[in-house]
Amino acid sequence: MDSEELGIRVLMDAAREQGPLAMDLAEAMTLFRGRKMAECVAILSERVGKPFPEDFTPKFRARQAEVFRDHLQPIPGIHGALKEITIPKCVASNGPIEKIALTLSVTGLLPFFEGRIFSSYDLQTWKPDPGLFLHAAAALQVAPKDCGVVEDSVLGVRAGLAAGMRVFAYTAAGDAPEFHLPGVTSFQRMADLPPLLR
């Protein structure tokens, strides 16, 4: 699912409650997609010109969860693609485990990944560091060179390449130069993913 745009809209609304924020959605998506929450808050706080209260992040997360429950949708074709992909698969996300579980549950994707969900918050290592992907590969007992990473963020693509994995960049939500580097295969429809992995 593409939870980023919904989540970033909620984040910007919350930041604007702290003061004037000169940032449009396109800039926010470029700055924040796949980024660690503490870094997002630091950037927003600097842009607004004052520190945010300590309860900013928990309040934002609660509001974000409510929006996800009401509005988050799976990417078209993902259920069919996951049924076709019979090799071991997991989720390795920069998000906290509660957010990952919620988004997978709301979109009906949790059964595809249950028991194989990895969060940067548990490991304290965030993309573009490859540590999360390397940990997931080790947990699944697959050599990094035999892994494929499906990503829609620049930080995730960098992490996959740094881990020595083959990267598949989903570009329907936005494109970037990193999505066309050597070792990266870009695609626009989830229906195209299973043949690429084969």
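Everything below is about the structure printed above this text.
What counts, and at which threshold
Residues numbered from 1 in each chain as written. Predicted model: local features only at pLDDT ≥ 70, side-chain atom pairs only at ≥ 80, totals over all residues. Heavy atoms only, no water. Helix = DSSP H or I, 4+ residues; strand = E, 2+ residues; numbered from the N terminus. Rg over C-alpha atoms; globule rule 2.2 N^0.38 Å. Buried < 20%, exposed > 50% of the residue type's maximum accessible area, 1.4 Å probe, protein only. Lys, Arg positive; Asp, Glu negative; His and termini not counted. Charge placed at Lys NZ, Arg CZ, Asp CG, Glu CD. Axes fitted to C-alpha atoms, helices over the stretch in contact; angles between N-to-C directions. Parallel < 35°, antiparallel > 145°, perpendicular 65-115°, else oblique. Left-handed = near helix turned anticlockwise from the far one by under 90°. Contact = heavy atoms within 4.5 Å. Nonpolar A, V, L, I, M, F, W, Y, C, P; charged D, E, K, R; others polar. Phe/Tyr/Trp six-rings, centres within 6.5 Å; stacked < 30°, edge-to-face > 60°. Pairing = 2+ DSSP bridges.

A. The overall build of the chain, seen in detail. Helix and strand counts for the chain stand at 11 helices and five strands. Relative to its length of 198 residues, the chain is compact, with a C-alpha radius of gyration of 17 Å against a globular reference of 16 Å. Along the first, second and third principal axes, the C-alpha set of the chain runs to 50 × 35 × 30 Å. For the chain, with 198 residues in total, the buried portion stands at 45%. In the chain, 21 positive and 24 negative side-chain charges are present, and the distance between their average locations comes to 3 Å.

B. The packing of helix α2 (residues 25–32) against helix α3 (residues 37–48), seen in detail. Contact geometry of α2 with α3 gives a least axis separation of 10 Å together with a crossing angle of 140 degrees. In this view, α2 runs oblique relative to α3, as classed from their interaxial angle. Where α2 crosses over α3, the handedness of that crossing is right-handed. Where α2 approaches α3, its residues Glu27, Leu31 and Phe32 are matched on the opposing element by Cys40, Ile43, Leu44 and Arg47. For the contact of α2 with α3, the class distribution of residues is five nonpolar, no polar and two charged.

C. Just the packing of aromatic side chains, in detail. Enumeration according to the criterion identifies three aromatic pairs in this entry. Measuring from ring centre to ring centre gives 5.2 Å for Tyr121 and Trp126, while their planes differ by 85 degrees; the resulting arrangement is edge-to-face. Overall, Trp126 belongs to the buried group, its relative accessible area being 12%.

D. Geometry of helix α10 (residues 154–162). Those residues of α10 lying buried are Leu155, Gly156, Val157, Ala159 and Gly160. For α10, the secondary structure elements touched by its buried residues are α9 (131–139), β3 (148–151), β4 (166–170) and β5 (184–187). Immediately downstream of α10, the backbone of Gly164 shows phi near 80 degrees, a positive value.

E. The arrangement of unusual backbone geometry in detail. In this structure, Pro128 follows Lys127 across a cis peptide bond, with omega equal to 20 degrees. Here Pro128 shows up in the loop between α8 (120–123) and α9. Although it is not a glycine, Gln124 sits at a positive phi angle of roughly 60 degrees. Structurally, Gln124 can be placed in the loop between α8 and α9. Its relative accessible area of 55% is what places Gln124 among the exposed residues.

F. Representation of the environment of Ser119 within the structure. With respect to the element layout, Ser119 can be found in strand β2 (residues 117–119). Sequence separation between Ser119 and Glu98 is 21 residues, and the spatial gap between their C-alpha atoms is 9.4 Å. Setting aside anything within four residues of it in sequence, one finds Ser119 in contact with Ser93, Gly95, Pro96, Ile97, Ile100 and Leu132.

G. The pairing of β3, seen in detail. Burial of β3 is one-sided: the residues Val149 and Glu151 facing one way are buried, the residues Gly148 and Val150 facing the other way are not. As paired elements, β3 and β4 share four bridges and run parallel to each other. Its bridge partner lying in β4, Val150 is registered against Phe168.

H. How the structure looks around the sheet that holds β5. Spatial ordering of the open sheet is given by β3-β4-β5, a layout of three strands whose pairing is parallel. Looking along the sheet, the strands with just one partner apiece sit at the ends: β3 and β5. Each neighbouring strand pair of the sheet contributes to a mean axis angle of 20 degrees, computed without reference to strand direction. Its contacts with the sheet put α10 on β3, β4 and β5, and the angle it makes with β4 is roughly 165 degrees.

Any link to function would need more than the numbers given here.
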